[in-house]
Amino acid sequence: MGFKISYSKFRYYSAVTAGKIVSFVLRKILKSSASAAPGKVAMTIYPDILRVVNDRCQKKIIITGTNGKTTTNNLLTHILTREYPSVLSNLRGANMPQGLVSAFLHDRKKEYDWGVFEVDEGSFERVTEHLKPDYVLVTNFFRDQLDRYGEIEKAFQDILESLESLDTTLILNADDPLVSNFRKLHKRNIYYGVTQNQYSSCQQGIVESRFCPACSSYLDYDYYNYGQLGGYQCPDCGFSNPDYDYQITEINYQDHQYHYQFKNKNQNMQDITFAYEGIYNAYNCCAALSTALEVGLPLDKVAHSIEEFEYHLGRMENFQFPGKIVKIALVKNPIGLSETISSIFLDEREKSMLFVLNDNPADGKDVSWIWDAEVEKMNNIKNINHIYCSGRRAEDIALRLKYAGVPVELVEVDDKMDNAIEKLLNEDVEIAYLLPTYTAVFQARELVLARLEGSGKKMSHIREYLKNLKFPGR
Amino acid sequence: MELKIYHMYPDLLNLYGDLGNVTCLRQRCQWRGIDVEVVGFSMNHEVPLDEGDLFFIGGGSDRGQNIVYSHLLKYTRMMGDLIEDGAPVLAICGGYQLLGEKYIDADGNDVPGLGIFDYHTRSEEGRLIGNIIIENSLGLNPETLVGFENHGGRTYHDHQALGKVKVGYGNNGQDSEEGMVYQNCIGTYLHGPLLPKNPHLADYLILKALERKYGLKELSSLDDQPEYAAHEKVLKLYSP
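Criteria and cut-off values
- Residues numbered from 1 in each chain as written.
- Chains lettered and ligands numbered in written order.
- Predicted model: local features only at pLDDT ≥ 70, side-chain atom pairs only at ≥ 80, totals over all residues.
- Heavy atoms only, no water.
- UniProt positions renumbered as here; feature names shortened; annotations may be inferred.
- Helix = DSSP H or I, 4+ residues; strand = E, 2+ residues; numbered from the N terminus.
- Buried < 20%, exposed > 50% of the residue type's maximum accessible area, 1.4 Å probe, protein only.
- Pairing = 2+ DSSP bridges.
- Axes fitted to C-alpha atoms, helices over the stretch in contact; angles between N-to-C directions.
- Parallel < 35°, antiparallel > 145°, perpendicular 65-115°, else oblique.
- Left-handed = near helix turned anticlockwise from the far one by under 90°.
- Contact = heavy atoms within 4.5 Å.
- Nonpolar A, V, L, I, M, F, W, Y, C, P; charged D, E, K, R; others polar.
- Patch = residues over 30% accessible without salt bridge, like charges linked within 9 Å, V, L, I, M, F, W, Y side chains within 5 Å.
- Areas by Shrake-Rupley, 256 points an atom, 1.4 Å probe, with all protein chains shown as cover.
- Salt bridge = Lys/Arg side-chain N within 4 Å of Asp/Glu carboxyl O.
- Lys, Arg positive; Asp, Glu negative; His and termini not counted.
- Charge placed at Lys NZ, Arg CZ, Asp CG, Glu CD.
- Buried area = accessible area lost by both parts, 1.4 Å probe.
- Polar contact = N/O pair within 3.5 Å; in protein donor to acceptor, adjacent residues only side chain to side chain.

## Quick notes on the UniProt feature "domain: CobB/CobQ-like glutamine amidotransferase" (unreviewed entry) in chain B
At step 1: UniProt tags residues 4–198 of chain B as "domain: CobB/CobQ-like glutamine amidotransferase" (unreviewed entry).
At step 2: With 20% helix and 36% strand, the stretch residues 4–198 of chain B has end C-alpha atoms that lie 21 Å from each other.

If you want it as C-alpha cells, here you go:
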C-alpha cells in the first residue's frame, strides 16, 4: 500500500515535471503558444491528473456549447477573480482534457476557490468522468467541425447523456431550442436569454434546426437574434422558450460600444456597457452575468467588472496603430462568420479586411463551412478598400467571395500570412479587420504585436512553417 | 433563355456547404446572361417537379433523410422519368444514397430508398472523412475533380462511376470508384461543395440542361482563374 501511494506520487510528480519541460521548450525556445501539449504529455504519464484538478477546486463550473465558450469563460473568470483569490481556468481556449491539465500545470496551487473551464462538446464526456461540475453552462449548438462530429445531433446527444448522471445545476440559453431542451433532464435549471430587440430579425438564412427537439414538428419563430436563437414555439406540442431567470431586454449600439439593459431574477434593472461587438457577445455577456449572480455575487459589482473587461486573445481584440485600429476576430464556423460580417456592417469607417483560412485539424479539415455562412452580406458593408485572403486555403475563401458577388478587383490572394498582414497594415484606412481561423489566430496576433512593438518586424518563414506543424490547441 | 434550378429540400438536406452548389450553378448562368430561377422544393412547398430543368439534392442527417424519404416517395416515378428523359440531376451523399434501393443501417436493418436505381448503401464501422481527388469518367478537362467526403455509408453498384479515386475513399473505400453516372444524373460523395472548385463539372450540368431545353451545344467561357486556383490548391496540398 505504502509503495503504491509513493509510486502514484512519483508518477504524479514525473507528469508535472515532464509537462513543465514541454511547456518551457515550447514557450521559450519555439516561441509557440501551443497550450495543449504540456497537458497531453502529463496525462500520458499520469492519466488521473484531471482528478487531482477536480479535488483541488472547491467549486467548479464547466462551459460548453459551440460558440462563445472562450469569451464567456474569460469574462466569468475575470468577474470571479475580482472576488476570489484563486481561480483556475483554461483561458486560452484549449478545451480538451489536455488543455485543462495544461492550465493547471501552468498555475499549480494546492487549492482553488473556483475552477472555471471551457470544455469542447466532443470532450465533455471524457472531462466529466473525472471533473464533477457544480454548474454546467450551455451556450448554443451550431454546426462546427462536422468532420469531427459527423452531425450536429451527435454533439448534443453525447452531452445530454453525460449530464444525466451528474449532480449539477444547469445554466441554459433559453433562446436556443436545442439547449433549452435540456430541461427534460429535470436538473435544477437556470435560464438566460436576450429578448426581442432592435437587431432581431424576422428572417434567418441559417437555421440549424427548424424542427422541434421535443416532437419534430416545424417550429414557429416570432423573431431571430442569432442563428436559431430567438423566440420560438411548437404549434403541436407547445415547446417554447422557458421563462427567463436573467435577461438582456434592450440593446443599443453607440460609439462602437454596446449598451445593454439587464434584468435579474428580482426584475432589478441594470445598464451595462460592453466594448465587444455582435449580438453573440450580448449572449456571452448575459451567460457570464447570470452565472456570476447565480453563485451569489452582487449585481452592481458584476456589472462593473464586465465594463472593465479587456480581451487579449484575438476575439474582437483591438490594437491601436498610428492612424488606424487593427481588430482581430476569430472566425471558425458558419454562424460565427455570418455574425462577424453583420457586426462589421455597423462600422462605416474606411476599412480593409484580411481573411486567414486554415484547414489544420484544429480548424476542421473541411473548409466547406464557408459556404454555409452568409458571406453575401459582405456586399452591404460600406467603404471597403481591399479584401486580402490568406492561409492554407486562401484560394477557397477568395472563391467564396467571388460567388457571394464581391467584386473580384477588391480581392487579393496571398497565402503567406506574414506578407498579407504587412499589406493589410500598410493600407490607408481607419480600421483593418483581421479574421483568422483557430490555428491562425494566435500567430496572427503575434505578427500584429511584433509590428506594433516595432521589434522583430517579420517572423521568418521557417518559424511560420514550424508553427503550422506544431500541436493543435484543441 | 431561362433555367429553373430545383433545390430539393433546402431546409432538410443541407450539410457541409451543399448550398454552395446551387449558388455556383446560379451564378455561372447569370454571368452568361441566362435567366435563372432557384426553386426550393420541400414538405411545405410542393411545386410541379416536371417544370424543373436542373435538380440538386444535398446530404442530410439521418433524421432529415428519413423525413425526406417518406415525403419524396410519391414523386419517385416522376423523378425516374425525368432522369430517363435526360434531366440533369446532382445528388450528393445522402441524396445519392436516397436514389438507391436501400440503406442498411448499423444494426443490419433495411431502410428503403426511392429505388430509382438498383444500388444499395451499407453502414459500416468508421466514417470515411477527408479530402478527395478523383479522375472523372465524363471526359471533362481537367481530368481531376476535388472535394471533401464525410460519410458513414458505403455504396456498392455496377453502374458507370463518376470517376476513379486518386486520393480518398469514394463509394466504399474498396474498389477505388467514386460516384455514379446514369444519363445526366450524377450521384457522388464529394462535398466541398463540389461545383465551385470544379467549374468544368458545373458547366457540364448547365450545358446538359440547356441542351435538353433549347438544343444548345456550347457554353460561352468564363474567367475561371479563382476557381482553378482553389482546385489546384487542393491538388498541391493533397496529391500523393
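## Side note on the pairing of strand E5 (residues 169–173) of chain A
Residues and elements named next belong to chain A.
At step 1: Burial runs high along E5: five of the five residues are buried.
At step 2: Taking every second residue as pointing to the same face, both faces of E5 are buried, with Thr169, Ile171 and Asn173 on one and Leu170 and Leu172 on the other.
At step 3: Here strand E4 (residues 135–138) pairs with E5 via four bridges, running parallel. Bridged to Leu137 within E5 is Ile171.
At step 4: The sheet contact formed by E5 and strand E6 (residues 188–194) spans five bridges and is parallel.

## Some remarks on the pairing of strand E14 (residues 351–356) of chain A
The side chains of a regular strand alternate, residue by residue, between the two faces of the sheet.
Residues and elements named next belong to chain A.
At step 1: Burial analysis of E14 places six of its six residues in the buried class, which makes it a mostly covered element.
At step 2: Residues Lys351, Met353 and Phe355 of E14 are buried on one face, and the alternating residues Ser352, Leu354 and Val356, pointing to the opposite face, are buried as well.
At step 3: When E14 meets strand E15 (residues 384–390), the two strands line up parallel, connected through five bridges. What sits directly across from Met353, in E15, is Ile387.
At step 4: Two elements, E14 and strand E17 (residues 431–436), share six bridges in a ladder whose sense is parallel. Of the residues in E17, the one forming a bridge with Met353 is Tyr433.

## Concerning helix H5 (residues 97–106) of chain A
At step 1: For H5(A), the tally of buried residues reaches nine of 10 residues, placing the bulk of the element in the interior.
At step 2: Along H5(A), the residues that are buried comprise Pro97(A), Gln98(A), Gly99(A), Leu100(A), Val101(A), Ser102(A), Ala103(A), Phe104(A) and Leu105(A).

## Side note on the packing of helix H14 (residues 417–425) of chain A against helix H15 (residues 438–452) of chain A
All names here are of chain A.
At step 1: It is at 11 Å that the axes of H14 and H15 come closest, and there the two elements cross at 50°. The angle between H14 and H15 falls in the class oblique. Seen along the crossing, H14 lies across H15 with a hand that is right-handed. Each of Met417, Asp418, Ile421, Glu422 and Leu425 in H14 lies in contact with H15, whose residues at this interface are Ala440, Gln443, Ala444, Leu447, Val448 and Arg451.
At step 2: Partitioned by chemical class, the residues of the contact of H14 with H15 number seven nonpolar, one polar and three charged.

## What about unusual backbone geometry?
At step 1: The linkage connecting Asn141(B) with the following residue, Pro142(B), adopts the cis geometry, with an omega of 0°.
At step 2: Within the secondary structure, Pro142(B) is located in the loop between strand E7 (120–136) and strand E8 (144–156).
At step 3: Here the bond from Gly192(B) into Pro193(B) is cis, since omega is -10°, no more than 30 degrees from zero.
At step 4: Within the secondary structure layout, Pro193(B) lies in the loop between strand E12 (185–188) and helix H5 (199–214).
At step 5: Although it is not a glycine, Gln267(A) sits at a positive phi angle of roughly 65°.
At step 6: Its place among the elements puts Gln267(A) in the loop between strand E10 (257–263) and strand E11 (269–274).
At step 7: Phi angles above zero are rare outside glycine, and Tyr9(B) is one such case at about 50°.
At step 8: Mapped onto the fold, Tyr9(B) is located in the loop between strand E1 (2–8) and helix H1 (19–31).
At step 9: On the basis of relative accessibility, which here comes to 0%, the residue Tyr9(B) falls in the buried class.

## A word on a positive patch on the surface
At step 1: Taken together, the side chains of Lys9(A), Lys20(A), Arg27(A), Arg92(A), Arg108(A) and Lys110(A) make up a positively charged region of the molecular surface.
At step 2: Considering the arrangement of structural elements, one finds Lys9(A) in helix H1 (residues 2–29).

## Regarding a negative patch on the surface
All names here are of chain A.
At step 1: A contiguous patch of negative charge, built from Glu125, Glu129, Glu161 and Glu164, is present on the exposed surface.
At step 2: As for its position among the elements, Glu125 is in helix H6 (residues 124–130).
At step 3: Residue Glu125 is classed as partly exposed on the basis of its relative accessible area, which comes to 45%.

## Description of the interface of chain B and chain A
At step 1: Taken together, the contact pairs 37 residues of chain B with 29 residues of chain A.
At step 2: With both sides pooled, the region where chain B packs onto chain A buries about 2900 Å², and carbon together with sulfur makes up 53% of that total.
At step 3: Broken down residue by residue, the surface that chain B buries against chain A is led by Tyr16(B), Arg63(B) and Lys233(B), which jointly contribute 20%.
At step 4: Viewed at the interface, chain A and chain B are joined by four salt bridges.
At step 5: Across the pair Glu395(A) and Lys233(B) runs a salt bridge, and its minimum N-O distance is 2.9 Å.

## With respect to the sheet that holds strand E9 (residues 246–254) of chain A
Residue and element names in this part refer to chain A.
At step 1: The nine strands lie next to each other as E2-E3-E1-E4-E5-E6-E9-E10-E11, forming an open sheet whose pairing is mixed. Looking at which strands have only one partner, the edges of the open sheet turn out to be strand E2 (87–89) and E11. Averaged over all adjacent pairs, the angle separating strand axes in this sheet is 20°, with direction ignored.
At step 2: Sheet analysis places E9 next to E10, joined by seven bridges and oriented antiparallel. Bridge pairing links Gln254 to Gln257 in E10.
At step 3: Here helix H4 (residues 69–81) sits on the sheet and contacts strand E1 (57–64), E2, strand E3 (112–118), E4 and E11; the angle it forms with E3, its principal contact strand, is near 165°.

## Focus: a nonpolar patch on the surface
Residues and elements named next belong to chain A.
At step 1: Together, Ile21, Phe24 and Val25 give the surface a local cluster of nonpolar side chains, amounting to about 280 Å² of exposed area.
At step 2: With respect to the secondary-structure elements, Val25 resides in helix H1.
At step 3: Given a relative accessible area of 34%, Val25 falls into the partly exposed group.

## Topic: the sheet that holds strand E2 (residues 35–41) of chain B
Residues and elements named next belong to chain B.
At step 1: Strand order in the open sheet formed by six strands is E2-E1-E3-E4-E12-E11, and the pairing between neighbours is mixed. With one partner strand each, in any of the chains shown, E2 and strand E11 (180–182) form the two edges of the open sheet. Within this sheet the neighbouring strands show an average axis-to-axis angle of 15°, counted without direction.
At step 2: Inspection of the sheet shows E1 paired to strand E3 (residues 54–57) by four bridges, in the parallel sense. Following the sheet pairing, Tyr6 is matched in E3 by Phe55.
At step 3: Along the sheet, helix H3 (residues 76–84) makes contact with E3, strand E4 (89–92), E11 and E12, crossing E3 at roughly 125°.
At step 4: Docked against the sheet, H5 engages E1, E3, E4 and E12, running at close to 120° with respect to E1.

## As for the environment of Ala373(A)
Residue and element names in this part refer to chain A.
At step 1: As for its placement among the helices and strands, Ala373 is situated in the loop between E14 and E15.
At step 2: Overall, the relative accessible area of 2% leaves Ala373 in the buried class.
At step 3: C-alpha separation for the pair Ala373 and Val116, spaced 257 residues apart in sequence, amounts to 31 Å.

## A look at the UniProt feature "binding site: substrate" (unreviewed entry) in chain B
Residues and elements named next belong to chain B.
At step 1: Feature annotation in UniProt assigns "binding site: substrate" (unreviewed entry) to the following positions: Arg127.
At step 2: Assessed through its relative accessible area of 36%, Arg127 is described here as partly exposed.
At step 3: Only 2.9 Å separates the side chain of Arg127 from the side chain of Asn150, close enough to count as a polar contact.

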